[in-house]
Amino acid sequence: MTYLEISKEKIEQLRTRDDFLILAIESSCDETAVAILRNKEVLSNKISSQIEIHKRFGGVVPEIASRNHILTIDNIVKEALDEAKVTLADIEIIAVTYGAGLLGALLVGVAYAKSLAFALGIPIIGIDHIKGHICANFISNETLEFPFLCLLASGGHTAILNVQSYKEIETLGCTCDDAAGEAFDKVARVLGLPYPGGPEIEKYAKQGKNNVFMPRAFKNEKHLNFSYSGLKTAVINYVHNMKAKGQDINPYDVACSFQTEAVGVLIDNAIEAAKRNNAKVIALAGGVGANSALRERLVQKGKESNIEIVLPPKVLCTDNAAMIGVAAYFAIKEGADPSGLDLDAKANL
Ligand code: KG4
Ligand code: ZN
C-alpha cells in the first residue's frame, strides 16, 4: 500500500473516534507556531514570533522569515510536545497551513510536516490559513455551532463570511484592495511607528481624539465590500498637506481618527450582513480582531441589535497553530481526504 492509501485508511478511523492527538504547524508569515490538540481541546499552543527580527526592516522580509522558521521549528515542536506531556509516538495526524501566505515561509512548515508524517507513518492534512482563523472561535467558545457569520480582518484578508459548515463558506463582502491589517501597518509607518502597526496604532489611538476627517468608501452602495486604500491615502495626504503647510500633526489624533473609521466600517458592514441574513451570531477572526476598540464597539453594537458576538482571546486572533489544529479536527469530521506527499505550499488560495 502507498503512503496515501494508508493515510486514507487511518483518517477514516479517526473520523469515528474522539480521542486522537493532532500536531498542528503554522508558518505562513512571521510566527513559527506549533500546537498539540486532543480533538478540539488544545493541550499546548507554542508561538515563536519573529517580530523583533523584522522590526528593523519596517515589515516582514520573506527570505529572513523562511530562514528563521527553519532555525526554530524543531525546537517549537519539542516545546509543544513537552507542554502537552506527549511524545511524537502519540501523535496520530499532522495538520499544516499550506496557504495562503509567504511562499518560502509556508514551504518550511509544509516540508517539515510532510517529512515528520512520513517518518511516523501517519496522515497529513493541509489546512487553509483562513479556515484556521475562523475555527479559532471554537477554541474559546464551546457552545459555538455552525452556521454563523464571521468578520475576518487580518494582514492579508478582510471579509464577511457566511460560515455554513467547515466546507461551505460564502463571501458576503470583502476588500477590493488593501486588507484592514495592511492599512493599519501602512498608516503606522506614515506616523513613524514600528511594525506591526496594528498594536502601535491602538496604543496611540487611546491617547488621541477622533477629530481628523476620514472618508468612508462605498457609503451609498448596497454591497458589503470594503476599500482600505482610500482611507490609507487620506491619512497620507493629510500628513503631507500638514507638513507642506509647516504645521505639526498630532499623531495620537490621526491614529484615533484612522482607527475609528477602520474598525467602524468593519462593524457596520458585519452588523448589516447579520441583519440581512438573519444571522444571530457574529464571530471575530484575524489579527485585527485583537484590537480593543473593534472588540468593545462590536460587542456594544451586537447588544443593540440583539446579535451574539463571539470573540476569541487576542492570542487566538493573531497567527497561531491551535487554530490550524481545530480546523483540521473539523476537516476530518466533515470527511476531508488526507493530503499526499505532493502537498505543496500555495501563496494564494
Ligand atoms: O492574522 P494575522 O496575525 O496574520 C495574517 O494572517 O495576516 O494578522 C496580522 C495583522 C497585522 O496587520 C497587524 O498589524 C494586525 O493584524 N494587528 C492589529 C492588532 N494586532 C495585530 N491590528 C489592529 N489592532 C491590533 N491590536
Ligand atoms: Zn493570519
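An account of the accompanying structure is given in this report. This is a predicted model, so every value here is computed, not measured.

To continue, consider the pairing of strand S2 (residues 31-38). Counting buried positions over the 8 residues of S2 gives 7, a clear majority of the element. Bridging between S2 and strand S3 (residues 41-49) involves 8 bridges; their strand directions are antiparallel. For Arg 38, the partnering residue across the bridge sits in S3 and is Glu 41. Linkage of S2 to S3, two consecutive antiparallel strands, is achieved through a turn of 2 residues, within which Asn 39 is found at a positive phi near 55°.

Right, let's get into helix H4 (residues 103-120). Look at H4: 25 Å from first C-alpha to last across 18 residues, which is about the 26 Å you get at 1.5 Å a residue. Of the residues making up H4, those classed as buried are Ala 105, Leu 106, Val 108, Gly 109, Val 110, Tyr 112, Ala 113, Lys 114, Leu 116 and Ala 117. Where H4 is buried, its residues contact helix H1 (3-15), strand S1 (21-26), helix H3 (62-84), strand S4 (93-99) and strand S5 (124-128). Looking one or two residues beyond H4, the residue adopting positive phi is Gly 121, at roughly 70°.

What follows covers the state of the cysteines. Joining two cysteines, a disulfide is a covalent bond between their sulfur atoms. With the rule as written, the count across this model stands at 0 disulfides. Cys 176 forms no disulfide, and the closest cysteine sulfur to it belongs to Cys 174, at a distance of 6.2 Å.

Here we come to the sheet that holds strand S9 (residues 281-285). If you trace the 5 strands from one edge of the open sheet to the other, you get S8-S7-S6-S9-S10, paired in mixed fashion. Among the strands making up the open sheet, the edge pair consists of strand S8 (169-174) and strand S10 (308-310). Pairwise comparison of adjacent strand axes, ignoring direction, gives a mean angle of 25° for this sheet. Note: S9 against S10, 3 bridges, orientation parallel. When the bridges of S10 are listed, Ile 282 appears paired with Ile 309. Of the strands in this sheet, strand S6 (148-153), strand S7 (158-163), S8 and S9 are in contact with helix H9 (residues 251-276), which crosses S6 at around 160°.

Attention now moves to the coordination of the zinc ion (ligand 2). Within the protein, the atoms that donate to the zinc ion (ligand 2) are His 129 (NE2), His 133 (NE2) and Asp 319 (OD), at distances of 2.0 to 2.1 Å. In terms of primary sequence, the donors binding the zinc ion (ligand 2) are separated according to H-x3-H-x185-D. Placement of His 129 in helix H5 (residues 129-140) and of Asp 319 in the loop between helix H11 (314-317) and helix H12 (322-333) is noted, with a sequence separation of 190 residues between them. The class for His 129 is buried, based on a relative accessible area of 7%. Residue classification places Asp 319 among the buried positions, given a relative accessible area of 15%.

Moving on, we come to the site of ligand 1. Around ligand 1, 21 residues are found, and the nearest of them are Gly 155, Asp 185, Glu 202, Gly 287 and Asn 291. In the model, an oxygen atom of ligand 1 is placed 2.7 Å from a nitrogen or oxygen of the Asp 185 side chain. Within the side chain of Asn 291, one N or O atom sits 3.0 Å away from a nitrogen atom of ligand 1. Relative to its free-state accessible area of 550 Å², ligand 1 is covered by the protein chains to the extent of 88%. With respect to the detected pockets, ligand 1 is housed in the largest pocket. Elements supplying a minimum of two residues to the shell around ligand 1: H5, helix H6 (180-190) and helix H7 (197-206). With 4 residues, H7 is the single largest residue contributor to the shell around ligand 1.

Gly 99 connects to Ala 100 through a cis peptide bond whose omega is -10°. In this fold, Ala 100 is placed in the loop between S4 and H4. Put simply, Phe 146 and Pro 147 share a cis peptide bond, and its omega is -5°. Positionally, Pro 147 belongs in the loop between H5 and S6. Even without a glycine there, the phi angle at Asn 278 is positive, about 55°. With respect to the helices, strands and loops of the structure, Asn 278 is situated in the loop between H9 and S9. Judged by relative accessible area, which is 60%, Asn 278 ranks as exposed. Despite not being glycine, Asn 306 shows a phi value in the positive range, around 60°. Tracing the chain through its elements places Asn 306 in the loop between helix H10 (292-304) and S10. Look at Asn 306 and you get exposed, because its relative accessible area is 69%.

The next thing to look at is the nonpolar core. Of all hydrophobic cores here, the largest spans 43 residues; its most connected members are Leu 151, Ile 201, Tyr 228, Phe 258, Leu 266 and Ile 282. When contributions to this core are tallied by element, the ones reaching two or more residues are S6, H6, H7, helix H8 (229-244), H9, S9 and H10. When residues in this core are grouped by element, the largest group, 13 residues, is from H9. With near-sequence residues (within four places) excluded, Leu 151 lies in contact with Ala 159, Ile 160, Leu 266, Ala 270, Ile 282, Ala 283, Leu 284, Ala 285, Leu 294 and Leu 298. Phe 20, Ala 285, Ala 322 and Phe 330 belong to the second-largest nonpolar core, a separate cluster that totals 41 residues.

What counts and how
Residues numbered from 1 in each chain as written. Chains lettered and ligands numbered in written order. Predicted model: local features only at pLDDT ≥ 70, side-chain atom pairs only at ≥ 80, totals over all residues. Heavy atoms only, no water. Buried < 20%, exposed > 50% of the residue type's maximum accessible area, 1.4 Å probe, protein only. Helix = DSSP H or I, 4+ residues; strand = E, 2+ residues; numbered from the N terminus. Pairing = 2+ DSSP bridges. Expected span 1.5 Å × (residues − 1). Contact = heavy atoms within 4.5 Å. Disulfide = S-S within 2.5 Å. Axes fitted to C-alpha atoms, helices over the stretch in contact; angles between N-to-C directions. Donors = N, O, S within 2.8 Å, 3.2 Å for Na, K, Ca; no water. Near = heavy atom within 4 Å. Polar contact = N/O pair within 3.5 Å; in protein donor to acceptor, adjacent residues only side chain to side chain. Areas by Shrake-Rupley, 256 points an atom, 1.4 Å probe, with all protein chains shown as cover. 1 Å grid on protein atoms, 1.4 Å probe; cavity = no way out; pocket = protein on both sides within 12 Å on 5 of 7 lines; lining within 4 Å. Sits in = over half its atoms within 2 Å of the grid points. Core = buried A, V, L, I, M, F, W, Y, C linked by side-chain atoms within 4.5 Å.

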